[in-house]
Amino acid sequence: MMIVKIADKAGFCFGVKRAVNIAIEYTENNESLISYGQLIHNDQVTERLSEKGLKEVDELNDVYNKDVLIRSHGVGKDIYKLGENHNLNIIDCTCPFVKKVHNIVDEHYRQGYEIIIVGNPNHPEIQGINGWCENKGIIISSIDDIKPLERGKYCVVSQTTLQYSVWEQVKEALSEKNQDILFFNTICSATSERQEAVKLLAKEVDCMIVVGGYHSSNTRKLYDICSSLCKETLHVEKKSDLVMTNLKKYGIIGITAGASTPDWIIQEIYDYLLSL
């Protein structure tokens with residue numbers, strides 16, 4: 001008989017849950033509500049919100065006099081200014097942990113620090129953070145990006161979903177190059193808790209299933225951790241992604257889920273595995 005175990009701390013984090021709850025509340029009373037960018041990195045959730053009437057847009061230059069949700073990953077300062085100029089009612093769904101990074105960057109940039117952001121330059125969270133230092137931040141994703149840096153006055157923050165091991169490596173490498181530098185570990189506690197929990201589970205199962213959006217940063221990091229500890233690791237978005245896989249051969253299967261994965265998707269996968 002197959003045993004299925006779910007990792008601790010799997011699924012919605014506080015910031016994502018907050019954003020979704022705000023979106024649901026407003027869509028129930030506003031059929032013309034707009035989301036600036038994808039609210040969270042989960043297609044199944046955003047599809048449900050779309051069915052409720054939430055419209056997603058990628059730019060606001062031609063939008064006036066509307067209610068606009070700001071995505072959980074946050075945006076740059078210029079979007080708030082544009083909102084004022086276009087008479088937009090901004091409903092801010094930015095994760096509070098991300099907003100904290102914005103405040104750190106804004107304050108220290110105005111104090112004359114150069115800003116270093118550790119993370120994926122293509123991720124919307126990083127792009128939003130960079131918007132609080134006039135998009136002049138130095139974005140590094142690994143210690144290899146540090147080599148060209150000259151000595152200077154730096155303030156360093158991280159993407160909230162960064163792996164802690166990467167932060168430690170970058171911090172050590174930067175410390176060796178520069179003494180006038182401030183470090184702010186802005187990795188979200190929910191991210192580190194999920195990563196630590198899945199390390200324990202991945203070592204005791206025959207197969208790990210990582211559930212979450214294929215373009216979700218924290219989900220991909222969970223997959224990387226699991227695959228380094230468990231040879232048989234799968235990344236899926238929903239139950240139907242498992243139909244063509246042969247899972248009956250495994251005695252113990254573990255499940256973890258990214259911070260943007262709702263409970264109902266985790267439960268569907270759990271129930272499916274038990275039915276095999």
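Below, the structure is looked at part by part. (Residues numbered from 1 in each chain as written. Predicted model: local features only at pLDDT ≥ 70, side-chain atom pairs only at ≥ 80, totals over all residues. Heavy atoms only, no water.)

1. Comments concerning the sheet that holds strand β12 (residues 252–257)
With respect to topology, 4 strands assemble into an open sheet ordered β1-β12-β10-β11, the strand pairing being parallel. Two strands bound the open sheet, and with one partner strand each, they are β1 (3–6) and β11 (233–236). Across the sheet, the mean angle from the axis of one strand to that of its neighbour is 20°, orientation sign disregarded. Pairing of strand β10 (residues 207–211) with β12 involves 5 bridges; the strand directions are parallel. The residue bridging V210 from the neighbouring strand is T256, located in β12. The strands touched by helix α7 (residues 189–202) are β1, β10 and β12; relative to β12, the strand with the most contacts, the crossing angle is about 170°. (Pairing = 2+ DSSP bridges. Helix = DSSP H or I, 4+ residues; strand = E, 2+ residues; numbered from the N terminus. Axes fitted to C-alpha atoms, helices over the stretch in contact; angles between N-to-C directions. Contact = heavy atoms within 4.5 Å.)

2. Observations concerning the nonpolar core
Judged by nonpolar contacts, the single largest core of 24 residues is most densely connected at L60, V105 and V157. Those elements that place two or more of their residues in this core are β2 (34–36), β4 (67–70), α3 (77–85), α4 (96–110), β6 (114–118), α5 (124–130) and β8 (154–158). Aside from chain neighbours lying at most four places away, what touches V157 is V101, I104, V105, I116, I117, V118, I129, W167, F184 and T186. (Core = buried A, V, L, I, M, F, W, Y, C linked by side-chain atoms within 4.5 Å. Buried < 20%, exposed > 50% of the residue type's maximum accessible area, 1.4 Å probe, protein only.)

3. Here's the deal with the side chain of S158
Looking at where S158 falls in the secondary structure, it is placed in strand β8. Overall, the relative accessible area of 0% leaves S158 in the buried class. Within the local environment of S158, its side chain forms a polar contact with the backbone nitrogen of I187, the two atoms lying 3.3 Å apart. When sequence neighbours within four positions are dropped, the list of residues in contact with S158 reads V101, V118, E125, W167, F184, N185, T186 and I187. (Polar contact = N/O pair within 3.5 Å; in protein donor to acceptor, adjacent residues only side chain to side chain.)

4. Things to note about the sheet that holds β4
Taken together, 4 strands build an open sheet; the order of strands is β3-β2-β4-β5 and the sheet is parallel. Sheet topology places β3 (55–57) and β5 (89–92) at the edges, where each strand pairs with a single neighbour. Taken over all neighbouring pairs, the strand axes of this sheet differ in orientation by 30° on average, direction set aside. Pairing geometry for β4 and β5, over 4 bridges, is parallel. Pairing of L69 across the sheet is with I91, part of β5.

5. What to know about the packing of aromatic side chains
Between two aromatic rings, the relevant description is the distance of the centres plus the angle of the planes. Tallied over the entire structure, the rule returns 2 aromatic pairs. With 5.9 Å between their ring centres and 55° between their planes, Y80 and W132 make a pair best called tilted. A residue pair is termed long-range when its members are at least 10 positions apart, and Y80 in helix α3 and W132 in the loop between α5 and β7 (138–140) qualify at 52 residues. Residue classification places Y80 among the buried positions, given a relative accessible area of 19%. The exposure class assigned to W132 is buried, which follows from its relative accessible area of 11%. Both rings, one in W167 and one in F183, keep their centres 6.1 Å apart while their planes meet at 90°; by these two values the pair is edge-to-face. On the criterion of sequence distance, the pair formed by W167 in helix α6 (residues 164–177) and F183 in strand β9 (residues 181–183) is long-range, its members being 16 residues apart. (Phe/Tyr/Trp six-rings, centres within 6.5 Å; stacked < 30°, edge-to-face > 60°.)

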